[in-house]
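# Observations on the model geometry
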Amino acid sequence: MNGAEIIISNALLLGALCFLLKLWIEKRLSLSLNEKLEKFKSELAKEVAKSSVQQTHNYAKKLEICATLNELMTEADFELKMLYFNVASKHYKSIEERNKNFAEKYLEINALLHKNELYIEDEIIAMVHEAYRPIFDIVSNVMGSGDIAHYETLKLSGSMDSVSKKAETPRKTVIARLKEIYGINT
């Protein structure tokens, strides 16, 4: 064998070895990447399942709180309607009891919201306070002073139907937003 043949055969041998080394490295990398990919997929699936369970729990809890909130606001509605009817018709004998009953309902609503701040959006808490707090303040002022003139700011005039609608407006406003946020009956 001459020198050129030896160089060519060594080059071919070296090329074959390089090709086999390249195949071996690619195979090892492929296996390693596949293992890492499978591990990542597995961890991702676990996280998705965990998140799904958590989201389902949170959503169920939110709906439970909304149902309780609606129940308390419905009770507050009734007390508010009776209070408004008594004020509008100037039937002041029952006002003291209605003030007390409405104030208790407002405090129950407020307590429910505070106990469940983790689950209820700040917007809803603010909306409930915005809807009921001004009425609660008026009722508290009347309860504290005995001065029924505070009711004048409510501007309760018109038919009993319009007075009734005014009393249910705070609840209906909040409920409409809750339905929108949680996709209830939409």
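Higher on the page you've got the structure.
Everything numeric in this text was worked out from a predicted model, so none of it was measured.

### Focus: the overall build of the protein chain
- Along the backbone of the protein chain there are four helices and zero strands.
- For 186 residues, the compact-globule estimate of 2.2 N^0.38 gives 16 Å, and the protein chain exceeds it by more than 25% at 36 Å.
- If you line up the protein chain on its principal axes, its C-alpha atoms span 125 × 30 × 25 Å.
- Taking all 186 residues of the protein chain together, the buried fraction comes to 27%.
- Contacts in the protein chain between residues far apart in sequence, at least 24 positions, make up 73% of those at least 6 positions apart.
- By element, 60% of the accessible surface of the protein chain is carried by carbon and sulfur atoms, the whole surface being about 12,500 Å².
- Positive and negative charge centroids in the protein chain, built from 25 and 26 side chains respectively, lie 3 Å apart.

### Quick word on helix α4 (residues 160-182)
- The end-to-end C-alpha separation of α4 is 33 Å, in line with the 33 Å expected for 23 residues at 1.5 Å each.
- The sharpest bend along α4 comes to roughly 45 degrees, located at threonine 169, with the proline proline 170 sitting one to four residues further on.
- The complete set of buried residues in α4 reads Val163, Ser164, Ala167, Glu168, Pro170, Arg171, Val174, Ile175, Leu178 and Tyr182.
- Among the structural elements, α1 (3-88) and α3 (122-145) are those in contact with the buried residues of α4.

### Some remarks on the environment of histidine 150
- Inspection of the secondary structure assignment puts histidine 150 in the loop between α3 and α4.
- Histidine 150 sits in the partly exposed class, given a relative accessible area of 27%.
- C-alpha of histidine 150 to C-alpha of isoleucine 138: the two residues are twelve residues apart in sequence and 6.1 Å apart in space.
- In contact with histidine 150, other than residues within four places in its own chain, are Ile138, Asn141, Val142 and Ser145.

### As for the pattern of salt bridges
- This structure, assessed with the given rule, holds twelve salt bridges.
- With its nearest N and O atoms 2.9 Å apart, the salt bridge here joins lysine 62 to glutamate 121. With lysine 62 in helix α1 and glutamate 121 in the loop between α2 (95-115) and α3, this pair connects stretches of sequence that are 59 residues apart.
- Its relative accessible area of 24% is what places glutamate 121 among the partly exposed residues.
- The shortest N-O distance in the salt bridge between arginine 133 and aspartate 137 comes to 2.9 Å. Taken together, the positions of arginine 133 and aspartate 137, both in helix α3 and four residues apart, correspond to about one turn of that helix.
- For arginine 133, a relative accessible area of 39% gives the class partly exposed.
- On the accessibility criterion, aspartate 137 (32% relative accessible area) is partly exposed.
- Several salt bridges converge on common partners, so that one network encompasses Glu75, Lys105 and Glu108.

### With respect to the side chain of asparagine 99
- Among the secondary structure elements, asparagine 99 is positioned in helix α2.
- Residues in contact with asparagine 99, not counting those within four places in the same chain, are Leu83, Val139, Val142, Met143 and Tyr151.

### As for α2
- The first and last C-alpha atoms of α2 sit 30 Å apart over 21 residues, in line with the 30 Å expected at 1.5 Å per residue.
- Buried residues of α2: Ile95, Arg98, Asn99, Asn101, Phe102, Ala103, Lys105, Tyr106, Ile109, Asn110, Leu112 and Leu113, and no others.
- Buried-residue contacts for α2 involve α1 and α3.

### Considerations on the layout of surface pockets
- A volume near 170 Å³ is recorded for the largest pocket.
- Residue composition of the lining of the largest pocket, by class: seven nonpolar, no polar and three charged.

### Quick notes on the packing of aromatic side chains
- Summed over the entire model, instances satisfying the criterion amount to three aromatic pairs.
- Centre to centre, the rings of phenylalanine 102 and tyrosine 132 are 6.3 Å apart; their planes meet at 35 degrees, and the pair counts as tilted. Placement of the pair is phenylalanine 102 in helix α2 and tyrosine 132 in helix α3, with a sequence separation of 30 residues.
- Phenylalanine 102 sits in the buried class, given a relative accessible area of 0%.

The rules behind the values
Residues numbered from 1 in each chain as written. Predicted model: local features only at pLDDT ≥ 70, side-chain atom pairs only at ≥ 80, totals over all residues. Heavy atoms only, no water. Helix = DSSP H or I, 4+ residues; strand = E, 2+ residues; numbered from the N terminus. Rg over C-alpha atoms; globule rule 2.2 N^0.38 Å. Buried < 20%, exposed > 50% of the residue type's maximum accessible area, 1.4 Å probe, protein only. Contact = heavy atoms within 4.5 Å. Areas by Shrake-Rupley, 256 points an atom, 1.4 Å probe, with all protein chains shown as cover. Lys, Arg positive; Asp, Glu negative; His and termini not counted. Charge placed at Lys NZ, Arg CZ, Asp CG, Glu CD. Expected span 1.5 Å × (residues − 1). Bend = angle between axes of the 7 residues up to and from the residue. Salt bridge = Lys/Arg side-chain N within 4 Å of Asp/Glu carboxyl O. 1 Å grid on protein atoms, 1.4 Å probe; cavity = no way out; pocket = protein on both sides within 12 Å on 5 of 7 lines; lining within 4 Å. Points joined across faces, edges and corners; volume = space filled by probe spheres on them. Nonpolar A, V, L, I, M, F, W, Y, C, P; charged D, E, K, R; others polar. Phe/Tyr/Trp six-rings, centres within 6.5 Å; stacked < 30°, edge-to-face > 60°.

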